[in-house]
Amino acid sequence: MFSSTSSGEGDQQKLQVCHCHPEILKSETAYKKAPMLIAILSSFMFTKQRSLVQIFPESARTLWSLWEIRVTVIVSLILQGILIVLGSRRKHSTSNTLRFILWVAYLSADWVATVSLSALSSSNATNPASNSIVPDQIITAFWAPFLLLHLGGPDTITASSLEDNELWWRHFLRLVVQVGVAIYVLLRAWAGHVLNFLAIPMFVAGFIKFAEKTWVLRSASSEHFRESMFPEPDPGPNYARYMNEFRSKKEEGFKVEFHIEDPKVGYHSYTAPEGVFSSSANLQNAHVLFFYNIFKGLFADLILNIDDVSKGISFFQSRSCDEAFKVIEIELGFMYDMLYTKSMLIYSVMGAILRFISFFCTISVSVAFLIVNKQDYSEQNVLITYILLGGAVSLEIYAVILLFLSDWTVLWLSKNTKAISCVSLLESKRWSNVIIQDNLINHCLEDQPSRCRFLHKVPTYKNLKKHLYRNSSPVEEELKDFIFQQLLKKSRSATKFEDLNKRNVLIKSWGEWVLEQEECLDTFRWSIEEEFDKSILLWHIATDLCYYSDLEKDQNFVKDKYCSDSRSLSNYMLYLLVMCPFMLPNGIGKIRFQDTCAEATEFFEERKCKGGGNASKELLKVSTEILPAKIKGDRSKSVLFDACRLSKALQTLQTDEKWEKKKWKLINRMWVEMLSYAASQCPWNQHARQLRRGGELVTHVWLLMAHFGLTEQLQISKGQARVEWNMQ
């Protein structure tokens, strides 16, 4: 009665206030209607939700509720099979399809396994009538450790990208949560059955796999990988003790003199062990140079001491091109394994112990399940358990096979004289050994295959267009040898400079050193004086113009190795500029490229050019006596007709007798210079990212330059001096 009266009085007060203030009346009305609106919206959303659920018939929903867990655990197993089979192939494949499949499988694998564990934890484990655990819940709870195995992932791929290593703490949190969920699933279905006890060793195997992945991700993260490269703390000579001794001797009346003997820093020779095959010798050389000589510190962005690279300089300066590039391949293969796989752990003593435990647990549980009584469980669940056990055993066996076929095992075998005969049979492909080709003139002429004509109608065709003209070509041995010989010559020139500044000037040049040697620096200096991306475009177009011009004169001449190598490197550098600009120094390369393409496309349409030869001929007809910049200004960044100037200058040199056959050698040397400059300026993490995409030639050149001492990450120090006392 009291509350009712009070409420009535309150309503009268509110009405009185509202009559006095119309705005308050509106707000009060809205306030009273708000709960009604919320209720209407909630019922509407609930109705929509029910209507969405009712899209599927009752029979389909019932079937899904019965098979939800069964389907997800099988899908999880299938994803693990895809990852372990295809995971190692990205090391030597440039296929975008393969990368896409692996990306989807990698992201889906953890999600599907997590959803499966969640479904297991929320399923009913007891029979409401008898308050006892349902037998089928015991066997489905037995699947939880297998999902931990799947969350641990295969040995061939732990990280899809470098960023995954940086998120190791997220995987650690997932480890804690999912292991807790698995324990909860096992405990709530515990009934003292044999299958409950068999789940324990499988849980141990699953926990080991899951913990391995987390530990490897942590070890490969940039911070921890860099810290692992730090040497032991070195306090240096005991300065205080020396000075105390110096003062005491001086106070005793001795005339004390001392001199400091600097350690000798030179280029020490290193030879591989004798009595082994060349392949195993390359493995041992790569292992020594990469792990004991700290060249892997390049991937941690560390500064190398001259003592660290002295063996590498001596080794590579006395080796053939084939041996040098083989060692580089192996070193980068080791680096790929450390960053993207479990190799860092499984090839250690602790890793071998953990692998034996997990393998033994999986095999023993599989054998035990064959002999236990399974009559209490449904046939479908028993069949799925067999599939999970068979899949787990198959994945373990496949992992062991890959382990024995890896470079790490071959390295161990090469040190065992009894097993050395097996080494030559265990070689595997380590990188794609191809370079992607892109061409500006073909891009502008739209020489795409006829089957792609329909793409012109697609709104995003311009973005897709740059992918249509890409093709790959193998890296010929002649090209590798030319690169090796030029870097070898540059290395021997650089070792003459003890001053790091002079060495760095030589390393940072992208053509001056070559043009100076060929005595034509004054003629072509203008083409290398500005931004690096501009030089790439200038020399790329000029190379094509020279190629088509010479092709018209003599079709046999363009088969010359210098000509073919020049075009390969030219198209490869344009690919890096357009598709991988992050591997090149900062600049406006893509803007220059699109402006140049726009001008070239407009020119070719006006002249109705068809084919590269006709386009080249029309471009060279244009007079370039006046610099294009004086007429066009600098608003457009196109370098099309500047490249025509460069091409004409190169063609005029050919009329000179001594330049008759040296033009293409000059062009080839210029491209090697630009390739090596790009390699030296590319950040280490971009080189590391390309390892999971089949590898790049520029990365191999980068590491080869470091072995030759052609790196800015080099420090020439005096080391630790030795003090000698002379007392009189």
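Here the structure is shown first, and the text comes after it.
Chains are numbered independently. Their residues run from 1 in the order of the written sequence. Residues qualify for local features only when their pLDDT is at least 70, as the model is predicted, and side-chain atom pairs are given and counted only at 80 or more; totals for whole chains, interfaces and linings, by contrast, use all residues. Calculated side-chain values reflect all of the structure's heavy atoms, with hydrogen atoms and water omitted.

Caption draft 1: Main features of unusual backbone geometry. The backbone of Asn 433 shows a phi angle near 60 degrees, a positive value even though the residue is not glycine. One non-glycine residue, Lys 608, lies in positive phi territory at about 55 degrees.

Caption draft 2: Region of interest: a nonpolar patch on the surface. Like charges within 9 Å and nonpolar side chains (Val, Leu, Ile, Met, Phe, Trp, Tyr) within 5 Å are joined into patches, using only residues over 30% in relative accessible area that form no salt bridge. Surface accessibility in these figures is a Shrake-Rupley result with a 1.4 Å probe; residues are shielded only by whichever protein chains are displayed. Salt bridge criterion: a side-chain nitrogen from Lys or Arg within 4 Å of a carboxyl oxygen from Asp or Glu. A surface patch of nonpolar side chains, about 990 Å² in accessible area, is lined by Trp 190, Phe 197, Ile 200, Val 204, Val 349, Met 350, Ile 353, Phe 356, Ile 357 and Phe 360. Counting only elements with at least two residues in the nonpolar patch, the list comes to helix H9 (194-220) and helix H16 (349-371). For the purposes of this entry, the term helix denotes a DSSP run of H or I that reaches at least four residues, the term strand denotes a run of E that reaches at least two, and both are numbered from the N terminus. Looking at the element boundaries, Trp 190 is found in the loop between helix H8 (168-188) and H9. Throughout, exposure labels follow a simple rule: accessible area from a 1.4 Å probe, protein chains only, divided by the maximum for the residue type, with under 20% read as buried, over 50% as exposed, and the rest as partly exposed. On the basis of relative accessibility, which here comes to 35%, the residue Trp 190 falls in the partly exposed class.

Caption draft 3: Quick look at the environment of Arg 635. With respect to the secondary-structure elements, Arg 635 resides in the loop between helix H29 (628-632) and helix H30 (640-654). For Arg 635, a relative accessible area of 80% gives the class exposed. Arg 635 sits 40 residues away from Asp 595 along the chain, and the two C-alpha atoms are 9.9 Å apart.

Caption draft 4: Spotlight on the packing of aromatic side chains. Side-chain rings of Phe, Tyr and Trp, where Trp is taken by its six-membered ring, are said to pair if the distance between their centres is within 6.5 Å; with planes under 30 degrees apart they count as stacked, over 60 as edge-to-face, and otherwise as tilted. Counted by the stated rule, this structure contains 22 aromatic pairs. Centroid distance Phe 299 to Trp 702: 5.1 Å. Interplanar angle 85 degrees. Geometry classified as edge-to-face. Placement of the pair is Phe 299 in the loop between helix H12 (278-292) and strand S4 (304-305) and Trp 702 in helix H33 (residues 697-707), with a sequence separation of 403 residues. When the centroid spacing of 4.8 Å and the interplanar angle of 55 degrees are considered together, the rings of Trp 510 and Tyr 677 count as tilted. Separated by 167 residues along the polypeptide, Trp 510 in the loop between helix H22 (500-508) and helix H23 (512-517) and Tyr 677 in helix H31 (residues 663-681) bring together distant segments of the chain.

Caption draft 5: Representation of the side chain of Lys 342 in the model. Here Lys 342 shows up in the loop between helix H14 (321-340) and helix H15 (343-346). Overall, Lys 342 belongs to the buried group, its relative accessible area being 0%. Contacts: residue pairs with any heavy atoms within 4.5 Å of one another. Excluding residues within four positions of it along the chain, Lys 342 makes contact with Gly 152, Gly 153, Pro 154, Asp 155, Thr 158, Lys 209, Glu 212, Lys 213, Val 216 and Asp 337.

Take it as geometry only, folks, not as evidence of what the structure does.
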